[in-house]
Amino acid sequence: MAIIIEENKFLINTEKNSYAFCVDGAGYLRNLYWGKKVNCIHEFEMEEISEVSTNDPVAEITNEEYPVHGSFRYKETCLKVQFGDGTREIRYQYAGYEMNGNHLKISLKDEIYGLEIELNYMVIEELDLIERWTVIKNRGIQPIKVDSIYSAQLHIPENNLKFRNSFGHWGAEQQGFVQQVSHGKIYFENRRGVSTHNHNPYFILDKNADETSGEVYFGVLKQGGNFKGIVEQTQYGHTLVQMGLNDYDFQINLNSDEEFQTPKLVIGYSEKGLGNMSHRLHIYGNEIMRNASTRKVLYNSWEATEFKVDVNEQLKLAEKAAELGVELFVVDDGWFGRRDSINDGLGDWWVNKDKFPHGLKPLIEGVKKLGMDFGIWIEPEMVNPNADLYKNHPDWIYSSHKRTPETSRGQLVLNLCKPEVTEFIHDMIDNLLSENDIDYIKWDVNRPIAETGGDQSIWYTHIMKVYEIVNRIKEKYPAVLIEACASGGGRTDFQTLEYFDDFWTSDNTDALDRLTIQKTYSYIYPIKAMRAWVTDCPNFLSKRTIPLKFRYHSAMMGTLGIGCNILKFGEEEKTLSKEMIAQYKDIREIVQNGEFHRLENNSTNSYEIFQYNYRDETLLYLFLPMTKIGHKGVKIKMRNLNPEKIYTYLIADREFKKSGNYLMNVGIDIKLEGDYSSIVVKFI
Ligand code: DGJ
């Protein structure tokens, strides 16, 4: 049984882990344990906590499951509200629990003000994960203003931990970092409303973990808009983590009888290092995705043509793409309105007659005749000031309406909190899909929100409205895949993954930079959603020229796309592209569904090594960006193979047969030569 309750003690067991808390004698909901599996709930003591001194009061030193603002709490708290009479302190009493299968609800009440706080725990036993979230209910008469609300607090009985997350900006998402936690607090957040390239909504805390060993505590917030995470090492040798909605410029109103639910925080503990954490989160990610289909090889002309899309050029590209083996042809920005630059057309979703005189049909039919699926780009949350949409509805944007609204990338953000705006967006997409044979949508968003027009709830509501629209579209068109793009990888999170099917990982398509971006991405998010393109060189961002094979191998780490101007391909590039695309099709089940490993490099040369295991097949990816003096090879010890199985594989045209046992323990020696060398080896 996943949840064991005895007196006022609660023990949540997954297959390998346990999490325990209690209602203690003083009425606090107190955390007792989080870590390796233990079975004996009765062994947990609930000894009374007494104040150490008046400066170390009980509320401050108790490891509460959900500390609230008020009483002698000076640490970070999870909930802060304003009651009708101006009171801001909450005083809760434990009011019971409800258990339904693997779902446990704990009820806390502030009777005087009619505030109910419901803490939710959903146990996913086989993945050793727990989803935690909170629902608050106003059972009083007067409205309650909510100033800050987090999904959960986690208590880790250790100090001097290492905190891992990613930082970045446009073209530089997913730069992993490790920061020592010491006395004080670390904040990481998103304040931009729509998405972020900066920090990602997760925490990883460990002492000395590596890929295969060491204790790791982690949590991923399912929240695409503004979030905040706090890691705090307290005065008492403990580490606290809170994650939830960002309280920056935030306030929501809860009228009598209204409820509010926080985003879910998915938490886990691994005693086998970071690799084990990633495997479980990848399975979780794959399970929350609605469409499990094998992702197709895509062509997108954005880098090749930018806004200069027209039916003839696109048809020529489509023909070449089909010849190479592409299965999905996507028209990017520029097909609609008077869209010739970033300053025009957004909001006017009629087909541009100069570029497509007979509408989209000739292109779509052409693409379908070539045996490919068809996809199209939209940026529905935005409008350009010179678009007809804005001229007709100047009140449809977030703005004070007394000042000139501020543009970014020449555009304004539509106010999705207005029902007529969400209806407009929904109907536009619905019409596009019902009138055309479209299989794939690339949904882009290219600027943050800057003005709220006075409403502090929009930071939360905007993204929820996006999901609502996508949900309606998905219900009507379940087979249509939708890619989440936000000037690259700015919308990469687990909540987005519940609605969208692909992440555009980054506008940075430099194959070497992508190894860093993709590696950091892989700590949390599933490979199946990691879209990666091969693009032209010199790369538009890095100005670097990298051999085509290395570019393919780098993009083949995720779901393969091609973004080159393939009309300019010579015979050599065509032949190699055909070969690489065919190879990708052969291995993609393993790539997209496999158990992903970041392997150790023990060479003085900076190899990047990755392994994918799926059923009884395995892939090894090896990259050597630059050969250094000595040009040493690398010994690779593979992971989690079947020790008994004899694997057959080819390296440099020589066939090898080795047991899983040998490959994992003795390992294999490989030496790549030159700069930008790479190989992909399949073990069958
Ligand atoms: C930003 C995206 O990340 C690009 O791939 C491309 O779709 C452009 N927007 C189009 O404006």
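Residues numbered from 1 in each chain as written. Predicted model: local features only at pLDDT ≥ 70, side-chain atom pairs only at ≥ 80, totals over all residues. Heavy atoms only, no water.

Undergrad: Just checking my understanding: could you explain the overall build of the chain for this structure?
TA: When you go through the chain residue by residue, the secondary structure sums to 13 helices and 38 strands. Here the chain has a C-alpha radius of gyration of 27 Å; the compact-globule value for 684 residues is 26 Å, and the two agree. Sequence separation of 24 or more characterises 68% of the internal contacts of the chain that already satisfy a separation of 6 or more. Element-wise, carbon and sulfur atoms account for 47% of the exposed surface of the chain, whose accessible area totals about 26,500 Å². Considering the chain, the positive charge centre built from 78 side chains and the negative charge centre built from 99 side chains are found 4 Å apart. (Helix = DSSP H or I, 4+ residues; strand = E, 2+ residues; numbered from the N terminus. Rg over C-alpha atoms; globule rule 2.2 N^0.38 Å. Contact = heavy atoms within 4.5 Å. Areas by Shrake-Rupley, 256 points an atom, 1.4 Å probe, with all protein chains shown as cover. Lys, Arg positive; Asp, Glu negative; His and termini not counted. Charge placed at Lys NZ, Arg CZ, Asp CG, Glu CD.)

Undergrad: Help me understand the nonpolar core in this model?
TA: Ranked by internal contacts, the top residues of the largest apolar core, which has 124 residues, are Trp335, Ile429, Ile441, Trp443, Leu560 and Tyr621. Residue contributions to this core peak at eight residues, all from helix α8 (residues 458–476). Apart from residues lying up to four places away in sequence, Trp335 is in contact with Val309, Trp349, Trp350, Val351, Asn352, Phe356, Leu360, Ile376, Trp377, Ile378 and Leu432. (Core = buried A, V, L, I, M, F, W, Y, C linked by side-chain atoms within 4.5 Å. Buried < 20%, exposed > 50% of the residue type's maximum accessible area, 1.4 Å probe, protein only.)

Undergrad: What exactly am I supposed to notice about the sheet that holds strand β21 (residues 298–300) here?
TA: Hydrogen bonds between backbone atoms are what pair the strands of a sheet, whose relative direction is either parallel or antiparallel. Spatially, eight strands are ordered β21-β22-β23-β26-β27-β28-β29-β30 in a closed barrel, and the strand pairing comes out parallel. Going from strand to strand, the sheet's axes swing by 30° on average, the running direction of each strand aside. Pairing between strand β27 (residues 481–484) and strand β28 (residues 502–504): two bridges, direction parallel. Across the sheet, the residue bridging to Glu483 is Asp502, located in β28. Helix α4 (residues 311–324) rests against β21 and β22 (328–331) of the sheet, and its axis sits at about 155° to β22. (Pairing = 2+ DSSP bridges. Axes fitted to C-alpha atoms, helices over the stretch in contact; angles between N-to-C directions.)

Undergrad: Is there a simple way to think about empty space enclosed by the protein in this case?
TA: Leftover empty space is mapped by rolling, across the atoms, a probe with the size of a water molecule. With the rule as written, the count across this model stands at ten cavities of 30 Å³ or more. Taken as a whole, the largest cavity spans an internal volume of roughly 60 Å³. Every residue along the wall of the largest cavity is listed here: Glu60, Ile61, Thr62, Asn63, Glu64, Lys75, Gln153, Thr234, Tyr236, His238 and Leu240. Of the residues assigned to the lining of the largest cavity, the class counts are three nonpolar, five polar and three charged. (1 Å grid on protein atoms, 1.4 Å probe; cavity = no way out; pocket = protein on both sides within 12 Å on 5 of 7 lines; lining within 4 Å. Points joined across faces, edges and corners; volume = space filled by probe spheres on them. Nonpolar A, V, L, I, M, F, W, Y, C, P; charged D, E, K, R; others polar.)

Undergrad: Explain the site of the ligand here, please?
TA: As a matter of local geometry, the ligand sits amid 13 residues, with Asp332, Asp333, Lys442, Asp444 and Asp507 nearest to it. A distance of 2.7 Å separates a nitrogen atom of the ligand from a polar atom in the side chain of Asp444. Here the residues of the shell around the ligand are counted per class, giving four nonpolar, three polar and six charged. (Near = heavy atom within 4 Å. Polar contact = N/O pair within 3.5 Å; in protein donor to acceptor, adjacent residues only side chain to side chain.)

Undergrad: Which parts of the structure should I look at to understand a nonpolar patch on the surface?
TA: Among the surface-exposed residues, Met1, Tyr97 and Met99 lie close enough to one another that they form a single nonpolar patch of about 370 Å² accessible area. By the element assignment, Met1 lies in the segment before β1 (3–6). Looking at Met1, the relative accessible area reads 76%, which means it is exposed. (Patch = residues over 30% accessible without salt bridge, like charges linked within 9 Å, V, L, I, M, F, W, Y side chains within 5 Å. Salt bridge = Lys/Arg side-chain N within 4 Å of Asp/Glu carboxyl O.)

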